Amino acid sequence: MSVHPWRASLAALPLAAVTAVAGAPAASAEPKIEVSGGLTQPVFSYTDAIREHVRVQSPLDSDGDGKKDLVRVDVIRPKESGSGLKVPVIMHQSPYFDNPGVGFQLDHKKYDANGNLTKFPLFYDNYFVPRGYAFVSVDMVGTRLSEGCPTGGGPSDVLGGKAVIDWLNGRAPAYDDNGDPVKATWTTGRTGMIGHSYEGALAIGVAGTGVAGLETIVPLAAPSSWYDMWRANGTLTDFKGGQAWLAKRVDADPPEKCAAVHQRMTTGSDDTTGDYNAYWDELDYRDGPISSARNVRASVFPVVGMHDRNVMGNQFSQWWAALPRRVERKV
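A few points on the structure. (Residues numbered from 1 in each chain as written. Predicted model: local features only at pLDDT ≥ 70, side-chain atom pairs only at ≥ 80, totals over all residues. Heavy atoms only, no water.)

Brief notes about the overall build of the protein
- Counting its secondary structure elements, the protein contains 10 helices and 14 strands.
- Against the globule reference of 20 Å for 331 residues, the protein gives a C-alpha radius of gyration of 19 Å, in line with a compact fold.
- With respect to the three principal axes, the spread of C-alpha positions in the protein is 65 × 45 × 35 Å.
- Counting across all 331 residues of the protein, residues that qualify as buried make up 54%.
- Residue pairs in contact within the protein that sit at least 24 positions apart in sequence constitute 71% of those at least 6 positions apart.
- Here the protein has roughly 14,000 Å² of accessible surface; of this, 51% comes from carbon and sulfur atoms.
- Where the 33 positive side-chain charges of the protein centre and where its 37 negative ones centre are 5 Å apart. (Helix = DSSP H or I, 4+ residues; strand = E, 2+ residues; numbered from the N terminus. Rg over C-alpha atoms; globule rule 2.2 N^0.38 Å. Buried < 20%, exposed > 50% of the residue type's maximum accessible area, 1.4 Å probe, protein only. Contact = heavy atoms within 4.5 Å. Areas by Shrake-Rupley, 256 points an atom, 1.4 Å probe, with all protein chains shown as cover. Lys, Arg positive; Asp, Glu negative; His and termini not counted. Charge placed at Lys NZ, Arg CZ, Asp CG, Glu CD.)

Some remarks on the state of the cysteines
- Counted according to the given criterion, the structure contains 1 disulfide.
- Between the sulfur atoms of Cys 149 and its disulfide mate Cys 258 the distance is 2.0 Å. Since a negative S-S torsion denotes a left-handed disulfide, the Cys 149-Cys 258 link at about -90° is left-handed. On the criterion of sequence distance, the pair formed by Cys 149 in the loop between strand 8 (134-139) and helix 4 (155-168) and Cys 258 in the loop between helix 7 (242-249) and helix 8 (259-269) is long-range, its members being 109 residues apart.
- Taking relative accessible area as the criterion, Cys 149 reaches 0% and is therefore assigned buried.
- Residue class for Cys 258 comes out buried when judged on its relative accessible area of 2%. (Disulfide = S-S within 2.5 Å.)

Side note on the sheet that holds strand 5 (residues 87-94)
- Reading across the sheet, the 8 strands line up as 9-3-4-8-5-10-11-14 and stay open at both edges, with mixed pairing between neighbours. Only two strands of the sheet have a single neighbouring strand rather than two, namely strand 9 (174-175) and strand 14 (299-300).
- Judged from the 6 bridges that link them, strand 5 and strand 8 form a sheet pairing that is parallel. Each residue of the ladder has a partner; that of Val 89, found in strand 8, is Ala 134.
- Helix-sheet contacts for helix 4 involve strand 3 (50-57), strand 4 (70-77), strand 5, strand 8, strand 9, strand 10 (187-196) and strand 11 (214-220), and the interaxial angle to strand 5 is about 165°. (Pairing = 2+ DSSP bridges. Axes fitted to C-alpha atoms, helices over the stretch in contact; angles between N-to-C directions.)

With respect to the packing of aromatic side chains
- Inspection of every chain in the model, using the stated rule, returns 14 aromatic pairs.
- Consider the rings of Tyr 198 and Trp 226, whose centres lie 5.1 Å apart with planes at 65°: the pair is edge-to-face. A residue pair is termed long-range when its members are at least 10 positions apart, and Tyr 198 in helix 5 (residues 198-207) and Trp 226 in helix 6 (residues 226-230) qualify at 28 residues. Here Tyr 198 matches Trp 226 in class, with each residue buried.
- Considering the side-chain rings of Phe 316 and Trp 320, the 5.2 Å spacing of their centres and the 45° angle between planes classify their relative orientation as tilted. Of this pair, Phe 316 and Trp 320 both sit in helix 10 (residues 313-322), 4 residues apart, roughly one helical turn.
- Taken together, the ring pairs connect Phe 120, Phe 123, Tyr 124 and Phe 135 into an aromatic cluster.
- The lysine or arginine in question, Arg 131, covers the ring of Tyr 127, its NZ or CZ lying 3.7 Å from the ring centre.
- Stacked on the ring of Phe 301, the Lys or Arg Lys 330 has its end atom at 5.9 Å from the ring centre. (Phe/Tyr/Trp six-rings, centres within 6.5 Å; stacked < 30°, edge-to-face > 60°. Lys NZ or Arg CZ within 6 Å of the ring centre and 35° of its normal.)

A short note on the packing of helix 7 against helix 8
- Axis separation between helix 7 and helix 8 bottoms out at 7 Å; the angle between their running directions is 150°. With respect to each other, helix 7 and helix 8 are oriented roughly antiparallel. The residues of helix 8 that touch helix 7, namely those facing Gln 243, Ala 244, Ala 247 and Lys 248, are His 262, Met 265, Thr 266 and Ser 269.
- Class assignment for the residues of the contact of helix 7 with helix 8 results in 3 nonpolar, 4 polar and 1 charged. (Parallel < 35°, antiparallel > 145°, perpendicular 65-115°, else oblique. Nonpolar A, V, L, I, M, F, W, Y, C, P; charged D, E, K, R; others polar.)

Details of the nonpolar core
- Within the largest apolar cluster, 64 residues are counted, with the highest numbers of intra-cluster contacts made by Trp 167, Trp 186, Leu 214, Ile 217 and Trp 226.
- A total of 7 residues in this core trace back to one element, the largest contributor, which is helix 5.
- Look past the residues within four positions of Trp 186 in its chain and what remains in contact with it is Glu 52, Val 75, Arg 77, Ser 81, Leu 85, Lys 86, Val 87, Val 89, Ala 134, Val 136, Trp 167 and Leu 168.
- Core analysis: the second largest hydrophobic core is formed by 17 residues, Ile 90, Tyr 127, Phe 301 and Val 303 among them. (Core = buried A, V, L, I, M, F, W, Y, C linked by side-chain atoms within 4.5 Å.)

Put into structure tokens, the structure is as follows:
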């Protein structure tokens, strides 16, 4: 079954979850969120949309500099959300905004003189903002303009994304470029996450924290166990040092900045024996201590390729089987 990612993201099941409580505009003359045939309609101006950026405080200090990481979040939202309209959110958290770029075209972000995006990678902003959603593009911890070090799907990668959901729901702090607090007063807090591969793994990981406000996820070819990404019955499937290699791959900063983190990843992954250990347990989103399928509250719509030689079918099937019965789902 081949499903184009944007068609997957428009399925009635997950978007209904995000838009269920959309809010109402302050003035009746302004456009309001409109749903027809199960889909939100393009009634808002993309040209007039509000663009801004904040830095959300993560609960962890991934690079050991004594400060909790600040996660860069780029926002675009309908103009009417600045005058009373409460809008839901589509969120794309990615490690790829530095290297190698996002999507098949390896897209990158572009900024204006105020630091706001003039170009969001992919199509999500163009499609969803006219339909009454805010779109937030999140630089994963340790990549692009976020602080810290990437950890190959580790706790800081996941909890940095959770912190953004918490900020959208008034539970985590965020700051502007001057260090002044910023609140997301323009949103209902109801959020849907989408992403491909590593990005999709982050959506699965964040959902597995049970965070309130994450209403749906659309993970495309997404790992649910990083151990299984690098192992087959305890045997290496690729090469030694894969976890540290991945962290360096997505980080444009000089490698010495996160050298200590890379060393911990190399030691923890234990390529010599191939054993499953506490390091890999933290990177397990099926039944791990940071993220677990049993904690998922969001509806889920995974998109899976049965001929994928990188993200194997068990990455989907074992996580899917562990989801609670209450979870609304389609695949």
